[in-house]
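Given next are the chains, with one letter for each unit.
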Amino acid sequence: SKVPSISLNNGVAMPQLGYGVWQVPDDEAAKAVATALEAGYRSIDTAAIYENEAGTGRAVAASGLPREELFVTTKLWNSDQGYDKALRAFDASLDKLGLDYVDLYLIHWPLPSKDAYVDTYKALEKIYADGRAKAIGVSNFPPEHLERLIGETSVVPAVNQIELHPQLQQGELRAFHDRHGIKTEAWSPLGQGKGLLEVPTVVAVAQKYGRTPAQVVLRWHLQIGNVVIPKSVTPSRIKENLDVFGFELDADDLAAFAALDEGKRLGPDPATFDYGA
Ligand code: NAD
């Protein structure tokens, strides 16, 4: 496929653009993932809480693609934090996916109020040592929790998957990641398709290249070094979101995008979110 890979801090290659399946019911996910694999995506982002690991796994199996050409990410849900629970939850995820390893396993949220993420991460280190996850990492972790993980465990997270789009650019956290060799993966990279794709700057840059707003937003992510996992269940958009490697934004465009940052969160604040704890 034409998607470039980035190298994680343990040398594992991860496609810089993948396909996310949040809020896609299991049967529909099987169809959508099949469409995405057919279109050329090789990285799929699911999670236990999405309840579509089984459908994702069915599509992967049916694709006939060699396992080593695929990159499958799943995430540990909040109610499964803790060392023993995490090990059991991982077994259940692998079983639903029908795989004998995942490429990346993430802690979905830090849940500071529960204070179990260090023990939970130690279970991920065990899974990694056993070769059942080729890389491990976290999602929605602010710097203070990353600092603590780095201080109290031995495997630096390969990835932190965070809410990130032009209206929430996460400059400080991205700089922290860069200093520690953690890759930044952007969730809701298109701002959930709400508003961002109608912002005049985005529309103007899209017109300049004869591209769509979604395509120039994805280009922005790729050029600032993010891994992106846009979601769509519409086949034409699934293809459109992958077709972002034939053009480049220039310095003026990047400056115009930089000015869109307004700290606008669409999802919960990880510092206080404790749903399912
Ligand atoms: P997104 O930013 O990818 O937006 C998806 C929505 O944008 C679609 O539902 C559709 O309405 C619209 N859209 C998609 N392609 C379009 C196009 N080409 N033109 C016009 N509109 C288009 O939002 P998302 O689904 O929230 O995030 C992507 C993925 O990130 C998820 O599927 C999931 O895998 C992951 N995610 C992770 C977390 C986390 O806590 N780790 C949270 C949310 C999402």
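Bear in mind that the values here come from a model prediction, so they are computed numbers and not experimental data.

About the thresholds
- Residues numbered from 1 in each chain as written.
- Predicted model: local features only at pLDDT ≥ 70, side-chain atom pairs only at ≥ 80, totals over all residues.
- Heavy atoms only, no water.
- Pairing = 2+ DSSP bridges.
- Helix = DSSP H or I, 4+ residues; strand = E, 2+ residues; numbered from the N terminus.
- 1 Å grid on protein atoms, 1.4 Å probe; cavity = no way out; pocket = protein on both sides within 12 Å on 5 of 7 lines; lining within 4 Å.
- Points joined across faces, edges and corners; volume = space filled by probe spheres on them.
- Nonpolar A, V, L, I, M, F, W, Y, C, P; charged D, E, K, R; others polar.
- Buried < 20%, exposed > 50% of the residue type's maximum accessible area, 1.4 Å probe, protein only.
- Near = heavy atom within 4 Å.
- Polar contact = N/O pair within 3.5 Å; in protein donor to acceptor, adjacent residues only side chain to side chain.
- Areas by Shrake-Rupley, 256 points an atom, 1.4 Å probe, with all protein chains shown as cover.
- Sits in = over half its atoms within 2 Å of the grid points.
- Arc of directions from axis to C-beta.
- Contact = heavy atoms within 4.5 Å.
- Salt bridge = Lys/Arg side-chain N within 4 Å of Asp/Glu carboxyl O.
- Phe/Tyr/Trp six-rings, centres within 6.5 Å; stacked < 30°, edge-to-face > 60°.
- Lys NZ or Arg CZ within 6 Å of the ring centre and 35° of its normal.

Draft legend 1. Expanded view of the sheet that holds strand 3 (residues 19-20). As summarised here, the arrangement of the 8 strands in space is 3-4-5-6-7-8-9-10, forming an open sheet in which the pairing is parallel. Of all the strands in the sheet, the pair left with one neighbour each is strand 3 and strand 10 (227-228). Bridge count for strand 7 (residues 133-139) against strand 8 (residues 159-163) is 2 bridges, and the pairing is parallel. Paired with Val138 across the strands is Asn160, a residue of strand 8.

Draft legend 2. Focus on the layout of surface pockets. Empty space within the largest pocket amounts to approximately 890 Å³. Lining the largest pocket are 39 residues; nearest its centre among them are Trp22, Gln23, Ser188, Gln192 and Lys231. Going through the elements one at a time, helix 8 (213-223) and helix 9 (235-242) are the ones with two or more residues in the lining of the largest pocket. In terms of residues, the lining of the largest pocket owes the most to one element, helix 9, which gives 3 residues. When its residues are assigned to classes, the lining of the largest pocket shows 19 nonpolar, 14 polar and 6 charged.

Draft legend 3. View of unusual backbone geometry. One non-glycine residue with positive phi stands out, namely Asp115, at about 50°. Asp115 gets classed as partly exposed once you look at its relative accessible area, which sits at 47%. Unlike most non-glycine residues, Ser188 shows phi in positive territory, near 50°. Positionally, Ser188 belongs in the loop between strand 9 (183-187) and helix 7 (200-209).

Draft legend 4. Inspection of the site of the ligand at higher detail. The environment of the ligand is made up of 27 residues, and the closest members are Asp45, Ser139, Ser188, Leu190 and Asn241. Measuring from an oxygen atom of the ligand, one finds a backbone N or O atom of Trp22 at 3.0 Å. Isolated, the ligand exposes 840 Å² of accessible area, and the fraction of that covered by the protein chains is 88%. Judged by the fraction of its atoms near the pocket grid, the ligand is located in the largest pocket. A class-by-class count of the residues in the shell around the ligand yields 11 nonpolar, 11 polar and 5 charged.

Draft legend 5. Representation of helix 5 (residues 143-152) in the model. Within helix 5, burial applies to His145, Leu146 and Leu149. Summarising the axial view, the buried residues of helix 5 lie within an arc of 100°, below the 170-degree limit, and thus occupy one face. The inward-facing, buried residues of helix 5 abut helix 4 (117-129), strand 7, strand 8 and helix 6 (171-180).

Draft legend 6. The pattern of salt bridges, seen in detail. Evaluation of the coordinates by the stated rule reveals 11 salt bridges. We note a salt bridge from Asp45 to Lys75, for which the minimum N-O separation is 2.7 Å. Linking Asp45 in strand 4 (residues 43-45) with Lys75 in strand 5 (residues 71-76), this pair joins segments that are 30 residues apart in sequence. A relative accessible area of 0% means that Lys75 is categorised as buried. Note that Asp103 and Arg67 form a salt bridge whose closest N and O atoms lie 2.9 Å from each other. Of this pair, Asp103 sits in strand 6 (residues 102-107) while Arg67 sits in the loop between helix 2 (53-63) and strand 5, and the two are 36 residues apart along the sequence. The exposure class assigned to Arg67 is buried, which follows from its relative accessible area of 16%.

Draft legend 7. Quick look at the packing of aromatic side chains. Scanning all chains against the criterion turns up 9 aromatic pairs. Between the aromatic rings of Phe273 and Tyr275, the centroid separation amounts to 6.4 Å while the plane-to-plane angle is 25°, which identifies the pairing as stacked. Classification of Phe273 by relative accessible area gives buried; the value is 18%. Taken together, the aromatic side chains of Trp77, Trp109, Trp187, Phe273 and Tyr275 make up a single cluster linked through ring pairs. The ring centre of Tyr101 lies 4.5 Å from the NZ or CZ of Lys134, which sits over that ring. Lying across the ring of Phe247, Arg219 places its NZ or CZ 6.0 Å from the centre.

Draft legend 8. Inspection of the side chain of Lys75 at higher detail. Reaching out from Lys75, the side chain makes a polar contact with the backbone oxygen of Thr46 at a distance of 3.1 Å. Ignoring anything within four residues of it in the chain, the contact list for Lys75 reads Asp45, Thr46, Ala47, Ala48, Tyr50, Tyr105, Leu106, His108 and Gln161.

Read these as geometric descriptors, not functional statements.
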